[in-house]
Amino acid sequence: MAKKFKPTFYVTTPIYYVNDVPHIGHAYTTIIADSLARYNKMAGREVFFLTGTDEHGQKIEKAAAEKGMTPLQLADSVVTRAQDLWKALDISHDFFIRTTMEIHEKGVQKLFKNLLDKGDIYKGEYEGWYCVSDENFLAEDVPLNKEGVKVCPDCGKKAAVVSEETYFFRLSAYQQKLLEYYEAHPQFVRPPSRMNEVANFVRSGLRDLSITRTTVKWGVPVPGDPAHTIYVWFDALHNYLTGIGWDWDMTLFKKYWPANLHLIGKDILRFHAVFWPAFLMASGFPLPGCVFGHGWWLKDEAKMSKSKGNVLDPYVIIDALGPDPLRYFLLREIPIGLDGNFSHEGFIHRVNSDLANDFGNLVHRTLTMVQQYFGGAIGEREDESADDRALREMFERVKAAVLGHYESYAVNKALEELWTFIGAANKYLADNVPWKLTKEPDKRRRLARVLWQAAAAIRGAGHLVAPVMPGSAKKIWELLGETAAPFDVPFADFRFADLKPGQAMKAPVPLFPRVDLKEFLAAEAKHAPPAKAEPKEKTMDIITFEEFKKLDLRVALVLKAERVEGTTKLLKLQIDLGTEQRQIVAGVAETYTPEELVGKKFTVIVNLKPAIIRGVESQGMLLAGLTGGKAVIPFFERDIAPGSVVQ
Ligand code: MSP
């Protein structure tokens, strides 16, 4: 089922929920997709770039009810926020799919029905812990409390075991096929660490998947059985087919499917790398080339998300600087796959040094001299010197490397490589001192050569950076007097020496102005929601015994301990809780070595919402005393079984 070779490139982003205002984290996925779409166009391929919104399901139903709106009203009012942001960020998608579109809903019903007829979907009974108050089955991994009951993590009420009629997808039948597919296509999931994670999950056993709900009304009804609503993930994943014409424009669909690249955040890897290929195999579609799970943008070491209240509004930056500095920063700062911590200080530092100092100055100096010394059109120039040739040859080398990096989705490396060339072009100017040459009348032709060489270098750098900073690249080419836009010239057709002598160049305009940190932070403070007022006096919060009982405290045995890289305080601990093993992160590295903790037992709160600390997931918290800011852990001295209740 390998993709037939054809010069097309189909790239997707996840479709974003409409209960959230898009933030820098969402912008990140979309910017990566946009840059790769633009790169592939310039590489001579026909490109289809799909993004959109995920508008069904309980989250939206709930958010709409809280706002006193119907789910569709909510979706209609929020969808424009995503669309406006993509416009402001110069995103060049070919289609924006909404899961409430008829083409999508009909497609999902048809795909569901086909699988039902084939027997890959069947009706059965789902038994699980159900929260009546929230009308929701709890996730499998919610632990039993000391009474042997599961408590709803959202509302804190006790759940009951309930069975419900549901349709199942026969996921278990695809375990072996998936493993074989991963084995034969090691690039199917990237980066490689995520491939291992996925394969381990599948190897540990797949159970059939409940793919309908009777308690959720806002969604696509099961064809012929409308009391059941199709599970939002079954619905949403199929946007990658319906968004490219499945069942409504089969010519388009056949041209582009299978997708080359599904870009997603690592949080939704399992859906894309396990469920999605299984659905596709069942329906008989070829599988996509690659599911790339990128890392998270963190703020203050926690994943940026609405629920944590730490989201950054991209408009703070776009309004002040336009889209390109943000696009550049997000793609330059981290490899796609790792987490990054977003700070405005870090952002401004990079913008000032890479964009204002290195690239901006190169363009500004060169164009200023072209104006001053030649009135905008470089005249007769000398033949190429050894120094000129070295710069041109370096460009060819850098170009090959940059294109190779784009091709393998290593955009940060492409930019890093390109900036070595920008550095070399700056050095070329410094070494060839045009400002001195202008004082020597017999060096006029040499001066013309030096400025032409620098302008040609800028033109080349502008071409290579165009997928990431399309607006700036276009402006640079206009300033150089080019009539074409850089993205209209395929990489294969670009020639360094094609900058025409005598071409009318314009006076420079500031491309990447330096940003003053103080002024920027002041503007940001105006955008940011007002901080909650701190209570003047700290009063003791009294809790009831009922509230205390909500804490699930257990004895944990440490199986493994190691330091969290790049921190002095944090240890990552693997703990045994009797019925399961978990990972927690604890700020105890200043008082304990990892070796000291292995085999020790202490108390852990096990029903605390998991958190990401310095990019590492912590599924619980240990209890410790604090002295002078350092943690001292009360260990159990007598033998006690891991998982025992602490009260
Ligand atoms: N609707 C589902 C996706 C269905 S795809 C068939 C969903 N939506 S979401 O709006 O919650 O998030 C979508 C994506 O936004 C994440 O997978 C990730 O790509 C991106 N991000 C959200 N927060 C992020 C960060 N803080 N950092 C980086 N990307 C993040 O899941």
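Residues numbered from 1 in each chain as written. Predicted model: local features only at pLDDT ≥ 70, side-chain atom pairs only at ≥ 80, totals over all residues. Heavy atoms only, no water.

Peer 1: Whenever I open this one, the sheet that holds strand S16 (residues 302-303) confuses me. Can you help?
Peer 2: The strands making up a sheet are joined through hydrogen bonds of the backbone, oriented either antiparallel or parallel. One open sheet accounts for 3 strands, arranged S16-S15-S17; its pairing is mixed. In this open sheet, the two strands that pair with only one neighbour each are S16 and strand S17 (340-341). Relative to S16, strand S15 (residues 297-299) runs antiparallel, the two sharing 2 bridges. Each bridged residue has a counterpart across the sheet, and for Lys299 the counterpart in S16 is Ala302. (Pairing = 2+ DSSP bridges. Helix = DSSP H or I, 4+ residues; strand = E, 2+ residues; numbered from the N terminus.)

Peer 1: Looking at this structure, I do not really get the packing of aromatic side chains. What am I missing?
Peer 2: The geometry of two aromatic rings is summed up by the distance between their centres and the angle between their planes. Tallied over the full model, the rule gives 41 aromatic pairs. Their ring planes at 40° and their centres at 6.5 Å tell us that Tyr126 and Phe168 sit as a pair that is tilted. Of the two residues, Tyr126 sits in strand S5 (residues 121-131) while Phe168 sits in strand S7 (residues 160-169), which places them 42 residues apart along the sequence. Lying across the ring of Phe201, Arg270 places its NZ or CZ 3.8 Å from the centre. Taking NZ or CZ as reference, Arg459 lies 5.0 Å from the ring centre of Trp477, over its face. (Phe/Tyr/Trp six-rings, centres within 6.5 Å; stacked < 30°, edge-to-face > 60°. Lys NZ or Arg CZ within 6 Å of the ring centre and 35° of its normal.)

Peer 1: Would you mind showing me how to read the site of the ligand here?
Peer 2: Near the ligand, the surroundings consist of 25 residues, among which Ile15, Thr29, Asp54, Gly265 and Trp297 are the closest. In the environment of the ligand, a nitrogen atom lies 2.7 Å from a nitrogen or oxygen atom belonging to the side chain of Asp54. The separation between an oxygen atom of the ligand and a polar side-chain atom of Asp267 is 3.3 Å. Against a free-state accessible area of 670 Å², the protein chains account for coverage of 95% of the ligand. (Near = heavy atom within 4 Å. Polar contact = N/O pair within 3.5 Å; in protein donor to acceptor, adjacent residues only side chain to side chain. Areas by Shrake-Rupley, 256 points an atom, 1.4 Å probe, with all protein chains shown as cover.)

Peer 1: Is there a simple way to explain the pattern of salt bridges in this structure?
Peer 2: Close approach of charged atoms allows side chains of opposite charge to pair. The tally for this structure, following the rule as stated, stands at 31 salt bridges. Glu55 is the salt-bridge partner of Arg98, the closest N and O atoms lying 2.6 Å from each other. Here Arg98 is found in strand S4 (residues 95-98), whereas its partner Glu55 is found in the loop between strand S3 (46-54) and helix H2 (58-67), with 43 residues between them in sequence. Of the two residues, Arg98 and Glu55, neither departs from the other in class, the shared state being buried. For Arg554, the salt bridge is made with Asp552, and the minimal N-O distance between the two is 2.8 Å. The buried category is assigned to Asp552, whose relative accessible area is 8%. Overlapping salt bridges bring together Glu382, Asp388, Arg446 and Arg449 as one network. (Salt bridge = Lys/Arg side-chain N within 4 Å of Asp/Glu carboxyl O. Buried < 20%, exposed > 50% of the residue type's maximum accessible area, 1.4 Å probe, protein only.)

Peer 1: Which parts of the structure should I look at to understand the sheet that holds strand S6 (residues 136-137)?
Peer 2: Spatially, 4 strands are ordered S6-S5-S7-S9 in an open sheet, and the strand pairing comes out antiparallel. Two strands close off the open sheet at either side, each with one partner strand: S6 and strand S9 (209-210). The pairing of S5 with S7 spans 10 bridges and is antiparallel. Within S7, the position partnered with Gly128 by the bridge is Val162.

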